[in-house]
Amino acid sequence: MKYKMRRDLKIATIGMLAIFAGLACFLSCRLGNVQAQLNRARANIEVLHGETEGYRFRDSLSGARIQALELTAKEFERFRAEDAATIRELKKRNRDLQALTKAQARTIAEFSAPVRDTIVFRDTIQVSGVAVHAGDKWYDFDGVLAGGEFTGRLETRDNLLVAETVQYRRFLGFLWKTRHVKDRQVDVVSENPHTKIEKVDFVFIEK
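Analysis parameters
Residues numbered from 1 in each chain as written. Predicted model: local features only at pLDDT ≥ 70, side-chain atom pairs only at ≥ 80, totals over all residues. Heavy atoms only, no water. Patch = residues over 30% accessible without salt bridge, like charges linked within 9 Å, V, L, I, M, F, W, Y side chains within 5 Å. Areas by Shrake-Rupley, 256 points an atom, 1.4 Å probe, with all protein chains shown as cover. Salt bridge = Lys/Arg side-chain N within 4 Å of Asp/Glu carboxyl O. Helix = DSSP H or I, 4+ residues; strand = E, 2+ residues; numbered from the N terminus. Buried < 20%, exposed > 50% of the residue type's maximum accessible area, 1.4 Å probe, protein only. Pairing = 2+ DSSP bridges. Axes fitted to C-alpha atoms, helices over the stretch in contact; angles between N-to-C directions. pLDDT = per-residue confidence, 0-100. Polar contact = N/O pair within 3.5 Å; in protein donor to acceptor, adjacent residues only side chain to side chain. Contact = heavy atoms within 4.5 Å.

## Brief notes about a nonpolar patch on the surface
Reasoning step 1: Judged by side-chain polarity, F171, L172, F174 and W176 come together as a nonpolar surface patch covering roughly 510 Å² of accessible area.
Reasoning step 2: Looking at the element boundaries, W176 is found in the loop between β9 (160–170) and β10 (177–190).
Reasoning step 3: You can call W176 exposed: its relative accessible area is 54%.

## Describing the sheet that holds β10
Reasoning step 1: As summarised here, the arrangement of the four strands in space is β1-β2-β10-β9, forming an open sheet in which the pairing is antiparallel. The strands lining the two open edges of the sheet, one partner per strand, are β1 (53–57) and β9. Put simply, the sheet's adjacent strands are angled 25 degrees from each other on average, direction ignored.
Reasoning step 2: In terms of strand pairing, strand β2 (residues 61–67) meets β10 through six bridges, oriented antiparallel. Among the inter-strand pairings, A64 is bridged to a residue of β10, identified as V188.

## Here we look at the confidence of the model for the chain
Reasoning step 1: On average, residues of the chain score 79 in pLDDT, and 75% of them reach the 70 mark or higher.
Reasoning step 2: Looking across the chain, the model is least confident in helix α1 (residues 2–49), with a mean pLDDT of 59, and most confident in strand β7 (residues 139–146), with 93.

## Points about the side chain of D187
Reasoning step 1: Of note, D187 is situated in strand β10.
Reasoning step 2: Taking relative accessible area as the criterion, D187 reaches 11% and is therefore assigned buried.
Reasoning step 3: Here the side chain of D187 touches Y55 through a polar contact of 2.6 Å, side chain to side chain.
Reasoning step 4: Filtering out sequence-adjacent residues up to four positions away, D187 remains in contact with Y55, A64, R65, L161, V162 and A163.

## Description of the sheet that holds strand β4 (residues 99–107)
One key point about sheets: their strands pair by backbone hydrogen bonds, in either a parallel or an antiparallel sense.
Reasoning step 1: The sheet built from three strands is open, its strands ordered β3-β11-β4 with mixed pairing. One side of each edge strand has no neighbouring strand; the edge strands of this open sheet are β3 (69–72) and β4. Geometrically, the sheet is characterised by an average inter-axis angle of 25 degrees between neighbouring strands, direction not taken into account.
Reasoning step 2: Relative to strand β11 (residues 195–206), β3 is paired through four bridges, and the arrangement is parallel. Bridge assignment links T72 to a residue of β11, and that residue is E206.

## A word on the environment of P193
Reasoning step 1: Note on placement: P193 falls in the loop between β10 and β11.
Reasoning step 2: On a C-alpha basis, the gap between P193 and S60 in space is 5.6 Å, while along the polypeptide they are 133 residues apart.

## Focus on the environment of V130
Reasoning step 1: For V130, the position within the fold is in strand β6 (residues 125–135).
Reasoning step 2: Residue classification places V130 among the partly exposed positions, given a relative accessible area of 29%.
Reasoning step 3: Ignoring sequence-local partners within four residues, the contact set of V130 consists of V115, R116, D117, T118, G143, V144 and L145.

Structure representation (C-alpha cells):
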C-alpha cells in the first residue's frame, strides 16, 4: 500500500511538474511575442521620425539608405492605402506582398550647347528657326525656337540599384546568429550622375 501511495505521489508530482513546465513554456512564448511586437513598434517609431540618409557613391553617384518599416498586411492596407491600391491595380494581393520599396529622385542636368539654323513647318508654312541639342549617356535634349515658339523634347535614363541587407540577433548578444531580425534596411543608388535620391520608403510585410 505504501509503495503504491509513493508511486502515485511520484506520478502526481511528475504530472504537476510537466504542467508547470508547459505553462512556463507557454508564458515564455507569449512574453517573447509581446516583446517582439514592442520591439517592432519601437523600431517603426524610429523609422517614422527619422529621415532618409543620403550619401555620395563613387564620388559622383547619389545613394540613400533607410531602415524598414515593418507592417502586417492589415496595417499596410490601413496606413499605406495609396500604395495598397497601386498593388491591387497590378493584379496582386496585398496579403501576398513581401516588401515594397519606393524611391523619390530629382534629376538636374546643367549643359551648354551651340545653336544651329533650321527650318520647320507649321501648318504647311515654312518657318526659319534655331535648334539646339545636348545630351550624354543619361539624357537627350532637343529643342527648336521658331516663329516665336519653342518646342522641345527631353529624355532621361536611369539605372537604380536596390540592395536589401538584414542583420540577425545573436544568442546572448554575441554568440551564434538566431532567426530573429535585428535590423533590416535598404540602399538605393542611382547610376545617373545627374540624379539625386531624395527619399526612400521601405515597407516589409510581416507574415
